[in-house]
Amino acid sequence: MAVVRKSRLPGCLLTLVLLQLPKLDSAHFEVMGPPEPILAMVGADAELPCHLSPNVSAEHLELRWFRRTPSPAVFLYQAPQEREQELMPEYRGRVALRPDQELMPEYRGRVALRRDDIAAGRAALRIRGVRASDEGEYRCFFRDNASYDEAIVHLRVAALGSEPHITMEVQESGEVRLECTSVGWYPEPQVQWRSAKGEEFPTTSESRSPDEEGLFTVAASVTLRDSSMDSVSCCIRNLLLGQEKEVGVSIPAPISPRLTPWMVSVAAILVVLGLLTTGSIFFIWRLYQERPRERRSKSSSTEKLLEELNWKKAALHAVDVTLDPDTAHPHLFLYEDAKSVRLEDSRQKLPENPERFDSWPCVLGREAFTEGRHYWEVEVGDRTDWAIGVCRENVMKKGFDPMTPDNGFWAVELYGNGYWALTPLRTPLPLAGPPRRVGIFLDYESGDISFYNMTDGSHIYTFPGISFSGPLRPFFCLWSCGKKPLTICPVSEGPEGVTVIPEAQNLSKDIPLSRVGQDSASGDTDTLRSKLISSQPSRGAP
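Please read these numbers as outputs of a predicted model, since none were measured by experiment.

What to know about the sheet that holds strand S10 (residues 125–127)
Line of reasoning, step 1. Strand order in the open sheet made by the three strands is S4-S10-S9, with antiparallel pairing throughout. Of all the strands in the sheet, just strand S4 (46–48) and strand S9 (111–112) have a single pairing partner and so form its edges.

Regarding the state of the cysteines
Line of reasoning, step 1. The full count for this structure, using the stated rule, is two disulfides.
Line of reasoning, step 2. Paired through a disulfide, Cys50 and Cys140 show a sulfur-sulfur distance of 2.0 Å. Between Cys50 and Cys140 the sulfur-sulfur dihedral comes to about -80°; the bridge is accordingly left-handed. With Cys50 in the loop between S4 and strand S5 (51–53) and Cys140 in strand S11 (residues 136–144), this pair connects stretches of sequence that are 90 residues apart. For the pair Cys50 and Cys140, one class covers both residues: buried.
Line of reasoning, step 3. In this model Cys180 forms its disulfide with Cys234; the gap between the sulfur atoms is 2.1 Å.

Some points on unusual backbone geometry
What is expected of a backbone is that most residues other than glycine have negative phi and most peptide bonds are trans.
Line of reasoning, step 1. Residue Pro72 is bonded to the preceding Ser71 through a cis peptide linkage, with omega at 0°.
Line of reasoning, step 2. With respect to the helices and strands, the residue Pro72 is situated in the loop between strand S6 (62–66) and strand S7 (75–78).
Line of reasoning, step 3. Cis geometry marks the peptide bond from Tyr186 to Pro187; its omega dihedral reads -10°.
Line of reasoning, step 4. Inspection of the secondary structure puts Pro187 in the loop between strand S14 (176–185) and strand S15 (190–195).

Focus: a nonpolar patch on the surface
Line of reasoning, step 1. Together, Trp262, Val266, Ile269, Leu270, Val272, Leu273 and Leu276 make up a nonpolar patch on the protein surface, roughly 740 Å² of accessible area in all.
Line of reasoning, step 2. With respect to the helices and strands, the residue Leu273 is situated in helix H3 (residues 261–290).
Line of reasoning, step 3. Among the residues examined, Leu273 registers a relative accessible area of 46% and is labelled partly exposed.

So, the packing of aromatic side chains
Line of reasoning, step 1. Scanning the model with the defined rule gives 11 aromatic pairs in all.
Line of reasoning, step 2. Taking 5.5 Å as the distance between ring centres and 90° as the angle between the ring planes, the aromatic pair formed by Trp410 and Phe468 counts as edge-to-face. Taken as a pair, Trp410 in strand S26 (residues 409–415) and Phe468 in the loop between strand S31 (458–463) and strand S32 (472–478) lie far apart in primary sequence, 58 residues in all.
Line of reasoning, step 3. Look at Phe468 and you get buried, because its relative accessible area is 13%.
Line of reasoning, step 4. Aromatic side chains Tyr461 and Phe463 sit 5.0 Å apart centroid to centroid with 75° between the ring planes, which places their arrangement in the edge-to-face category.

Conventions used here
Residues numbered from 1 in each chain as written. Predicted model: local features only at pLDDT ≥ 70, side-chain atom pairs only at ≥ 80, totals over all residues. Heavy atoms only, no water. Pairing = 2+ DSSP bridges. Helix = DSSP H or I, 4+ residues; strand = E, 2+ residues; numbered from the N terminus. Disulfide = S-S within 2.5 Å. Buried < 20%, exposed > 50% of the residue type's maximum accessible area, 1.4 Å probe, protein only. Patch = residues over 30% accessible without salt bridge, like charges linked within 9 Å, V, L, I, M, F, W, Y side chains within 5 Å. Areas by Shrake-Rupley, 256 points an atom, 1.4 Å probe, with all protein chains shown as cover. Salt bridge = Lys/Arg side-chain N within 4 Å of Asp/Glu carboxyl O. Phe/Tyr/Trp six-rings, centres within 6.5 Å; stacked < 30°, edge-to-face > 60°.

What follows is the structure in structure tokens.
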């Protein structure tokens, strides 16, 4: 949902490039482009709209479509005809302007306009047979003597690749190696391996390489050691289109490995050692049985206590967080109390603001933190597709910069069917159950940002040892529309059933917050919308 910028070329650049023209004056007309990027499939035709305001005839004007520099151009019209010799080689060819107001596909090149469009002040550029290399920024430039103006149009290109193909190799150890391949994707797709129950697991190796046309070939392999799996599937997803292709394969029953002489020798030695140590093991077991029940459970009780003390320590620093409407994306609707937000298909007419997100559907909290410890909670309920956390106050709010710590974002999200920490390669998060309320704890001096599942008081994830500089603000993002909002809620007294042992309260001092491992969980209540993301290496398992 990017908003296309309008810009004007500096007079010195036009003087240098456009045939040493004199210094240009401000235009007595405006050039208008679309507010959203144009999406086109590889191999199809794309039309990039552009028009004059007011709608006056442009037959006497110079019209120039170009990309990075004014010359060579994508298309050039200087009354009364186009100038093919100044075009980029990949767009060059004779383009006929037919006087009977017909569409102009009778050309050898890849670009065309309509004669009647120019007479009406329109300059929609049609690109035939879109390629991956066509993606990017295009400028529609009109000039009338010393007056000029231009508009910027963004073209996004996508391609849905071939059906995935899985090859299988059963190794002597009994392990099964699978490789999933597919060709013809753009931009870089996301690959996921899934079990028959829909559980995701990471790939062993993965590669993405572009071919001569810029389309990506994907190869992802995985080694299965779990003999209980009877089938798996490979899913390849185009995040720009929100579409995927999936293929499954049945896993053969486990095959006993072939016995070799060294394996027989090792087995015999193990049997002998087992007989010699059986008595020792039995003796140790008897001693263990005689230990008091309280000592056997000491370890698990201590771990539970540390976890309880961690979030209680965080809750002591509760702050009242509200939403800042000046930063909210036009598709986000804030409630009157500035505590809740939801995403809608409709777009609000809001004033231009350098602090407003124009691409990612995000909003910041009003509060800025430069020191100390701060804690707040967010009610996510059973809605899907959200991201919450902390970001630098000066993060890029225009365009599609990835939400990673390198770009000033420290957040966790629920997207698709998994929970993730937004690290550079996205870390999957194993949760016992979906959280309905998430607690966020910022320790500025220690450089830690921690997340807690306030449904049961468990720890979700910690970004540790960060060197902060400058103000930090709460951060909220929604990926799908729905009536259920994200809500900033008052800090609760903790999950039900959690009891802190009074004698152990002094353990709460300086207890480090630990990180967690990998897995995923999700809910499915709202309609999933695709989000435009920049081409990046695979962010974790997806």
